[in-house]
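Take a look at the letters that make up each chain.
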Amino acid sequence: MSAPEIVPQIVLSWSDWLSLFGHYLMLSLMSVGGAISTTSEMHRYLVEQHHWLSQAQFNNAIALAQAAPGPNVLFVALMGWQVGMNAGSTGAAFLGVAVTMLGILLPSTVLTWLAAQWGHRNRDLRAVRAFKQGMAPVVIALLLSTSWILGSASQRFATDWPLWLLSVTSALLIWRTKLHLLSLLAGGALLGWLQLV
């Protein structure tokens, strides 16, 4: 039988909340591979330096967000929630979610929006066209490599042929028809629910 988890009881001042917000603003600019790429720095800051989260709370936030459907950045919201709950109230938990999520999303979103606006205004420049044409094969290769990794995860090629067939059929339908992607997702979900793939 394992020992019960020790949940830190903390008191946060407004300067602590501001520091947390500033730290997540900085992490947003470093999170080139997504927010998950900065988890080691989040761990250092939240668990080791300030002791605002326990090791178990940190691990659980990541595990739950990775297991749940939707964007994996939800682990940031869960960490903010736990910091607020450790501070003693549901109101602080909502503040924690707002501080961490705004911090991690604001800089990268603004930079992406500004870059997209600049690219759209300068779409006729040779360098912008070359960049877009050069990135297209990279994006396609990344999508194909992700498909390969996900499709071969079980290492049972003989029994996984329905998944491969579904992938190829979906790709052909996307390429040759104007079916909405949500209808294809719904069809795949239905096939999975019926345990056909």
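These numbers were taken from a predicted model, which means no experiment stands behind them.

Peer 1: I tried to follow the overall build of the chain on my own but got confused; where do I start?
Peer 2: Scanning the chain from N- to C-terminus turns up 8 helices and 0 strands. When the helices and strands of the chain are placed in sequence order, the string is α-α-α-α-α-α-α-α. Against the globule reference of 16 Å for 197 residues, the chain gives a C-alpha radius of gyration of 22 Å, more extended than a compact globule. Each of the three principal axes of the chain carries a C-alpha extent, and together these read 60 × 55 × 25 Å. Taken across its 197 residues, the chain has 27% of its residues classed as buried. Restricting to contacts in the chain with at least 6 residues of sequence separation, those with at least 24 account for 56%. Within the structure as shown, the chain displays about 13,400 Å² of accessible surface, and the carbon and sulfur contribution to it stands at 70%.

Peer 1: What should I look at first to understand helix α5 (residues 90–121) in this one?
Peer 2: Since the α-helix packs 3.6 residues into each turn, any two residues three or four apart lie on the same face. Taking 1.5 Å of rise per residue, 32 residues should cover 46 Å, and α5 covers 45 Å from first to last C-alpha, within 8% of that figure. The largest bend in α5 is about 30°, located at Leu 106, with the proline Pro 107 one to four residues further on. Of the positions making up α5, those classed as buried are Ala 92, Ala 93, Gly 96, Val 99, Thr 100, Met 101, Gly 103, Ile 104, Pro 107 and Gly 119.

Peer 1: Even after reading the chapter, I still don't get the packing of helix α1 (residues 14–30) against α5, so can you show me in this structure?
Peer 2: Two quantities define a packed helix pair, namely the angle between the helix axes and the distance between the axes. Their axes nearest at 8 Å, the elements α1 and α5 cross at an angle of 30°. Considering the angle they form, α1 stands roughly parallel to α5. Like other packed secondary-structure pairs, α1 and α5 cross with a definite hand, here right-handed. Here the residues of the contact of α1 with α5 are counted per class, giving 17 nonpolar, 5 polar and no charged.

Peer 1: Any chance you could explain a nonpolar patch on the surface here in plain terms?
Peer 2: A cluster of nonpolar residues, Leu 29, Leu 106, Val 110, Leu 111, Trp 113 and Leu 114, forms a patch on the protein surface that exposes about 600 Å² of accessible area. Element by element, the count of residues in the nonpolar patch is highest for α5, at 5 residues. As for its placement among the helices and strands, Val 110 is situated in helix α5. Residue class for Val 110 comes out partly exposed when judged on its relative accessible area of 39%.

Peer 1: Please explain the UniProt feature "transmembrane region" (unreviewed entry) in the chain as it appears in this structure.
Peer 2: Under the UniProt annotation, the feature "transmembrane region" (unreviewed entry) is placed at residues 20–40, 61–81, 93–114, 135–153 and 173–194. Along residues 93–114, the helical share is 100% and the strand share 0%, with 31 Å between the first and last C-alpha atoms. Helix makes up 77% of residues 173–194 and strand 0%, with an end-to-end C-alpha separation of 21 Å.

Peer 1: Looking at this model, I keep getting lost on the packing of helix α4 (residues 74–86) against α5. Mind explaining?
Peer 2: It is the contact of α4 with α5, at a shortest axis distance of 7 Å, that shows an interaxial angle of 145°. With respect to the hand of their crossing, α4 and α5 are arranged in right-handed fashion. Facing α4, whose interface residues are Val 76, Ala 77, Gly 80, Trp 81, Gly 84 and Met 85, α5 presents Thr 90, Ala 92, Ala 93, Phe 94, Gly 96, Val 97, Thr 100, Met 101 and Ile 104. Residues that form the contact of α4 with α5 fall into these classes: 10 nonpolar, 5 polar and no charged.

Peer 1: Can you help me understand the packing of aromatic side chains in this one?
Peer 2: The description of an aromatic ring pair rests on the distance of the ring centres and on the angle between the ring planes. Counted by the stated rule, this structure contains 2 aromatic pairs. In this structure, Arg 176 packs its charged tip against the face of Trp 175, placed 5.0 Å from the ring centre.

About the thresholds
- Residues numbered from 1 in each chain as written.
- Predicted model: local features only at pLDDT ≥ 70, side-chain atom pairs only at ≥ 80, totals over all residues.
- Heavy atoms only, no water.
- Helix = DSSP H or I, 4+ residues; strand = E, 2+ residues; numbered from the N terminus.
- Rg over C-alpha atoms; globule rule 2.2 N^0.38 Å.
- Buried < 20%, exposed > 50% of the residue type's maximum accessible area, 1.4 Å probe, protein only.
- Contact = heavy atoms within 4.5 Å.
- Areas by Shrake-Rupley, 256 points an atom, 1.4 Å probe, with all protein chains shown as cover.
- Expected span 1.5 Å × (residues − 1).
- Bend = angle between axes of the 7 residues up to and from the residue.
- Axes fitted to C-alpha atoms, helices over the stretch in contact; angles between N-to-C directions.
- Parallel < 35°, antiparallel > 145°, perpendicular 65-115°, else oblique.
- Left-handed = near helix turned anticlockwise from the far one by under 90°.
- Nonpolar A, V, L, I, M, F, W, Y, C, P; charged D, E, K, R; others polar.
- Patch = residues over 30% accessible without salt bridge, like charges linked within 9 Å, V, L, I, M, F, W, Y side chains within 5 Å.
- Salt bridge = Lys/Arg side-chain N within 4 Å of Asp/Glu carboxyl O.
- UniProt positions renumbered as here; feature names shortened; annotations may be inferred.
- Phe/Tyr/Trp six-rings, centres within 6.5 Å; stacked < 30°, edge-to-face > 60°.
- Lys NZ or Arg CZ within 6 Å of the ring centre and 35° of its normal.

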